[in-house]
Amino acid sequence: MGGEFEDGGLFCYASRPMTTLTIPLDPATEAALDEIAAATARPKADIAAEALADYFRHAALPPLTISDEDLRASIEEQRREIASGTAVLYPHDEVMAGARAMLNKALEAKS
């Protein structure tokens, strides 16, 4: 929906309800957002909303394909390994880096 101003300029407005979100940005992210907004002559809010929508479109993960029974058995086996001292444990940062790499690879394959 939209219309025309008296001087001939056009305007449009959203016909669906919108929600406002306030989030903290680190200085580097804010600078990048400012730069993109200036380069594209678009409001920062529009760019941020588009980036979030794009993130959520691509972040949808496929459902787990393991049965409840197999998941329980795996957890129990892992508990036994931890209790016996035979489990190989990894630092959190290493696990997260591996998970991010796997997610990025899956997202690239999806695109």
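Treat the numbers as computed from the prediction; the structure is a model and nothing was measured. (Residues numbered from 1 in each chain as written. Predicted model: local features only at pLDDT ≥ 70, side-chain atom pairs only at ≥ 80, totals over all residues. Heavy atoms only, no water.)

A. Region of the structure containing helix 1 (residues 27–40). With 14 residues, helix 1 extends 20 Å from end C-alpha to end C-alpha; this agrees with the ideal 20 Å at 1.5 Å per step. The backbone nitrogen of Ala28 has a side-chain oxygen 3.1 Å away, supplied by the residue at the start of helix 1, namely Asp26. (Helix = DSSP H or I, 4+ residues; strand = E, 2+ residues; numbered from the N terminus. Expected span 1.5 Å × (residues − 1). Polar contact = N/O pair within 3.5 Å; in protein donor to acceptor, adjacent residues only side chain to side chain.)

B. Focus on the layout of surface pockets. Quantified by volume, the largest pocket comes out at close to 840 Å³. If you trace the largest pocket, you find 22 residues lining it, with Lys44, Ala45, Ala48, Ala49 and Leu52 closest to the centre. Mapped by element, the contributors of at least two residues to the lining of the largest pocket are helix 1 and helix 2 (44–59). With nine residues, helix 2 is the largest single contributor of residues to the lining of the largest pocket. Its residues assigned to classes, the lining of the largest pocket shows 13 nonpolar, four polar and five charged. (1 Å grid on protein atoms, 1.4 Å probe; cavity = no way out; pocket = protein on both sides within 12 Å on 5 of 7 lines; lining within 4 Å. Points joined across faces, edges and corners; volume = space filled by probe spheres on them. Nonpolar A, V, L, I, M, F, W, Y, C, P; charged D, E, K, R; others polar.)

C. Focus on unusual backbone geometry. Non-glycine residue Ala41 carries a positive phi angle of around 55°. Of note, Ala41 is situated in the loop between helix 1 and helix 2.

D. Main features of the packing of aromatic side chains. This structure, assessed with the given rule, holds one aromatic pair. With centroids separated by 5.4 Å and ring planes inclined at 75°, the aromatic side chains of Tyr55 and Phe56 adopt a geometry described as edge-to-face. What makes Phe56 exposed here is its relative accessible area of 56%. (Phe/Tyr/Trp six-rings, centres within 6.5 Å; stacked < 30°, edge-to-face > 60°. Buried < 20%, exposed > 50% of the residue type's maximum accessible area, 1.4 Å probe, protein only.)

E. Spatial organisation of a nonpolar patch on the surface. Taken together, the side chains of Leu21, Ile23, Leu25, Leu52, Tyr55 and Phe56 define a hydrophobic patch exposed on the protein surface, amounting to about 630 Å² of accessible area. Residue position: Tyr55 is located in helix 2. (Patch = residues over 30% accessible without salt bridge, like charges linked within 9 Å, V, L, I, M, F, W, Y side chains within 5 Å. Areas by Shrake-Rupley, 256 points an atom, 1.4 Å probe, with all protein chains shown as cover. Salt bridge = Lys/Arg side-chain N within 4 Å of Asp/Glu carboxyl O.)

F. Fine view of the pattern of salt bridges. Evaluation of the coordinates by the stated rule reveals four salt bridges. A salt bridge links Arg42 to Glu50; the nearest nitrogen and oxygen atoms lie 2.9 Å apart. Look at Arg42 and you get partly exposed, because its relative accessible area is 32%. Taking the relative accessible area as the measure of exposure, Glu50 reaches 46% and is therefore partly exposed. Glu76 is the salt-bridge partner of Arg79, the closest N and O atoms lying 3.0 Å from each other. In this pair, Arg79 and Glu76 are both assigned in helix 3 (residues 68–84), three residues apart and thus about one turn of the helix distant. Under the relative-accessibility criterion, Glu76 is labelled partly exposed at 36%.

G. Broad picture of the confidence of the model for the protein. Chain-level statistics for the protein give a pLDDT mean of 83 and a share of 81% at 70 or above. For residues 1–5, every residue scores under 50 in pLDDT, and the model assigns this stretch 14 contacts once sequence neighbours within four places are set aside. (pLDDT = per-residue confidence, 0-100. Contact = heavy atoms within 4.5 Å.)

H. Spotlight on the packing of helix 1 against helix 2. Relative to each other, helix 1 and helix 2 sit at 110°, their axes nearing to 9 Å. If you check the angle between helix 1 and helix 2, you find them roughly perpendicular. Viewed along their axes, helix 1 and helix 2 form a crossing whose handedness is right-handed. Residue-level inspection shows Leu33, Asp34, Ile36, Ala37 and Thr40 of helix 1 in contact with helix 2, the latter providing Lys44, Ile47 and Ala48. Broken down by class, the residue content of the contact of helix 1 with helix 2 amounts to five nonpolar, one polar and two charged. (Axes fitted to C-alpha atoms, helices over the stretch in contact; angles between N-to-C directions. Parallel < 35°, antiparallel > 145°, perpendicular 65-115°, else oblique. Left-handed = near helix turned anticlockwise from the far one by under 90°.)

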